[in-house]
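Residue-level structural notes
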Amino acid sequence: MGDFNYRKDYIPKTTACNRRPGYAMSATTITIHNTGNPASSAANERAWLTNPTNARQASFHIVVDEREAIECLPLTENAWHSGDGSAAKSGNRTSIGVEICESGNYAKTLDNAASLVASMLKERGWGTERLRRHYDWSGKICPRLMYDSGKWTGWAAFKALVEAHLSARVSEPKLNPIKQEVNDMIVYKANVVVNGCKAKDGVLIDGAVYVPLREMSDQFGAAIAWDNVTKTASVTIKEAK
């Protein structure tokens with residue numbers, strides 16, 4: 001995974017509102033959410049699960065922000081995060097729920113989430129076709145920051161970013177491109193070289209190469225900031241001394 005901490009902090013089985021029901025689960029998909037709280041960190045979201053004032057049954061498996069990812073329920077147990085009324089076949093009983101925080105450096109958080117999800121897919125021998133939105137289960141506009149007035153461009157971009165991280169984990173001497181369809185788009189791995197040095201792989205979509213913004217900013221010694229209100233990424237290139 002990327003340069004962030006992953007830790008396990010399971011909520012007790014006695015947590016209120018049956019938020020850890022303990023049903024055994026053999027996941028077949030991974031479902032992506034936004035927390036819906038622009039001011040909350042991963043630690044805050046974990047603490048909310050056991051907060052006495054929390055009266056909701058909702059829970060999730062993993063929450064990730066710009067600094068860390070916290071596994072709050074074992075991935076072999078279900079969580080209440082994406083019900084659609086189909087009981088044992090619902091997302092609640094078949095899917096790993098990943099919450100993406102909206103606070104702080106959202107671009108870094110997205111990259112952390114993509115790296116984490118890619119690692120989980122790789123470990124299971126899955127591709128991005130195993131990813132789901134909360135919306136896919138219940139029609140709820142979630143992950144809301146990927147919605148883009150119904151065009152879901154953020155979702156396509158996130159899947160492409162996950163694919164880029166997946167491609168970076170493929171160890172092939174010839175670095176052959178990997179082809180996959182993402183929302184009817186053909187996606188290839190793109191090798192990226194900056195000033196003669198290998199950088200993190202990007203993806204090629206419809207003739208355009210996409211590279212994680214943070215990777216490029218790091219390569220050029222630039223500073224990157226994310227404005228979650230205007231959804232604007234700002235890159236500042238430092239002048240040479």
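Parameters at a glance
Residues numbered from 1 in each chain as written. Predicted model: local features only at pLDDT ≥ 70, side-chain atom pairs only at ≥ 80, totals over all residues. Heavy atoms only, no water. Axes fitted to C-alpha atoms, helices over the stretch in contact; angles between N-to-C directions. Helix = DSSP H or I, 4+ residues; strand = E, 2+ residues; numbered from the N terminus. Parallel < 35°, antiparallel > 145°, perpendicular 65-115°, else oblique. Left-handed = near helix turned anticlockwise from the far one by under 90°. Contact = heavy atoms within 4.5 Å. Nonpolar A, V, L, I, M, F, W, Y, C, P; charged D, E, K, R; others polar. Disulfide = S-S within 2.5 Å. Buried < 20%, exposed > 50% of the residue type's maximum accessible area, 1.4 Å probe, protein only. Pairing = 2+ DSSP bridges.

Remark: helix H3 (residues 106–124) packs on helix H5 (residues 153–168), axes separated minimally by 8 Å, with the N-to-C direction vectors making an angle of 60°. The orientation of H3 with respect to H5, classified from their angle, is oblique. Here the hand of the crossing between H3 and H5 comes out right-handed. Residue-level contacts link Leu110, Asp111, Ala113, Ala114, Ser115, Val117, Ala118, Leu121 and Lys122 of H3 to Phe158, Leu161, Val162, His165 and Leu166 of H5. Broken down by class, the residue content of the contact of H3 with H5 amounts to ten nonpolar, two polar and two charged.

On to the state of the cysteines. Inspection of the entire model under this criterion finds zero disulfides. We note that Cys72 lacks a disulfide partner, and the nearest cysteine sulfur, in Cys101, lies 9.7 Å from it. Under the relative-accessibility criterion, Cys101 is labelled buried at 0%.

Note: strands within a sheet are paired through backbone hydrogen bonds, in either parallel or antiparallel orientation. The mixed open sheet is built from six strands, whose spatial order is S1-S4-S3-S5-S2-S6. Across the chains shown, the open sheet's two edge strands, defined by having one partner strand only, are strand S1 (5–8) and strand S6 (131–133). Each strand axis lies, on average, 25° off the axis of its neighbour in the sheet, ignoring direction. In this structure, strand S3 (residues 62–64) lies alongside strand S5 (residues 95–100), joined through three bridges in parallel fashion. Paired with Val64 across the strands is Ile100, a residue of S5. Contacting S1, strand S2 (29–34), S3, strand S4 (68–71), S5 and S6, H3 crosses the sheet at an angle of about 165° to S5.

Here we come to the side chain of Glu68. Relative to the elements of secondary structure, Glu68 occurs in strand S4. Aside from chain neighbours lying at most four places away, what touches Glu68 is Phe4, Asn5, Arg7, Ala42, Ala43 and Val63.

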